[in-house]
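Residue-level listing of the chains:
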Amino acid sequence: MTAIERDAPVVILTGAGISKESGLHTFRDADGIWATVRIEDVATPAAFARDPARVQAFYNTRRSGLLDPAIRPNAAHVALARLERDWPGGVLLVTQNIDDLHERAGSRNLRHMHGELLKARCVDCGAEPAWRVDLAPDSRCADCGSTGTLRPHVVWFGEMPLFMVEIYAALKRCGLFVSIGTSGNVYPAAGFVAEARAAGARTVELNLEPSQGATLFEESDYGPATEIVPAFVERLLRR
Ligand code: APR
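These notes cover the structure that comes with them. (Residues numbered from 1 in each chain as written. Predicted model: local features only at pLDDT ≥ 70, side-chain atom pairs only at ≥ 80, totals over all residues. Heavy atoms only, no water.)

1. Details of the site of the ligand
Around the ligand, a shell composed of 23 residues is seen, among which F27, R28, W34, T182 and S183 lie nearest. Separating an oxygen atom of the ligand from a backbone N or O atom of F27 is a distance of 2.7 Å. Residue W34 places a side-chain N or O atom 2.7 Å away from an oxygen atom belonging to the ligand. Relative to its unbound accessible surface of 730 Å², the ligand loses 95% to contact with the protein. (Near = heavy atom within 4 Å. Polar contact = N/O pair within 3.5 Å; in protein donor to acceptor, adjacent residues only side chain to side chain. Areas by Shrake-Rupley, 256 points an atom, 1.4 Å probe, with all protein chains shown as cover.)

2. Some thoughts on helix α8 (residues 225-238)
When the terminal C-alpha atoms of α8 are compared, their 19 Å separation across 14 residues agrees well with the 20 Å that a helix rising 1.5 Å per residue should span. Within the span of α8, buried status applies to A225, I228, V229, F232, V233, L236 and L237. Along the axis of α8, the buried residues cluster in a sector spanning 155 degrees; they form a single face. Set apart from the buried face of α8 by more than 90 degrees, the exposed residues are E227 and R238. (Helix = DSSP H or I, 4+ residues; strand = E, 2+ residues; numbered from the N terminus. Expected span 1.5 Å × (residues − 1). Buried < 20%, exposed > 50% of the residue type's maximum accessible area, 1.4 Å probe, protein only. Arc of directions from axis to C-beta.)

3. Some words on the packing of aromatic side chains
Scanning the entire structure with this criterion turns up eight aromatic pairs. Here F58 and Y59 contribute two aromatic rings whose centre-to-centre distance is 4.8 Å and whose plane-to-plane angle is 80 degrees, an arrangement assigned as edge-to-face. You can call F58 buried: its relative accessible area is 14%. Note on Y59: relative accessible area 3%, which makes it buried. Arranged with centres 6.5 Å apart and planes meeting at 15 degrees, the rings of F177 and F217 form a pair that is stacked. (Phe/Tyr/Trp six-rings, centres within 6.5 Å; stacked < 30°, edge-to-face > 60°.)

4. Some remarks on the pairing of strand β2 (residues 91-95)
Looking along a regular strand, one sees side chains alternate from face to face of the sheet. Counted residue by residue, β2 has five buried out of five residues, so it is predominantly covered. Going residue by residue along β2, you find V91, L93 and T95 tucked away on one face and L92 and V94 tucked away on the opposite face as well. Note that strand β1 (residues 10-14) and β2 share five bridges and pair parallel. Within β2, the residue paired with T14 across the bridge is T95. In this sheet, strand β3 (residues 110-112) lies alongside β2 in parallel orientation, the contact comprising three bridges. (Pairing = 2+ DSSP bridges.)

Here it is, written out as structure tokens:
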């Protein structure tokens, strides 16, 4: 791998592929979530307005699945937590994933740009209470009394991802950008590699197979995340 100064800030972007070997489904693989349910039915503001019970049932199933004791962080999550601890230049981990496997592995400087499955959000006051049980159309916000409707704290198609100002600022000053386990289908995340390159950063893709934007990266390694991510972190820290 090309030289990276050890004081260079690193930005990592992760997607569903990093959690696949922990037992969670990706979205666009043959056995992915969008092969069994339509985005328009469960992951848009219009779907929630039309049929909140259906949308909440979809996320209730995913939330209880995430809380199954068999679902645990894998070696790729653990390696990224190690990188955050040991890399002198600092690491910002940006994830499109709504699971909490990065936190459980020990990552702390982490931004969930598509929200978090283990939080609800009040559509009236914006409170984001921790939420580990099922949501129902009549679930109400404790922060604004009995009036506020709660929705999953998930960014749906057509909504603005979270932390964008901070993420673009980090991309502008990073020395290394690494994209892991994402198909590069969904913007704005799919555009981060171009931002980082424009700012002069080295760019690396780690994925099971070349993503949609694979040619935009200077370096790449393809294989299961539990193998290629720990190996990449080891190489980076040993240099
Ligand atoms: N190791 C590494 N990569 C893997 C593995 C694995 N074990 N298994 C699958 N992958 C790769 C796939 O090859 C694919 O390129 O992970 C990628 C997953 O792509 P998607 O299913 O499209 O998931 P993601 O890119 O995270 O989706 C982005 O789309 O629907 C939305 O909001 C949702 O955050 C999500 C966004």
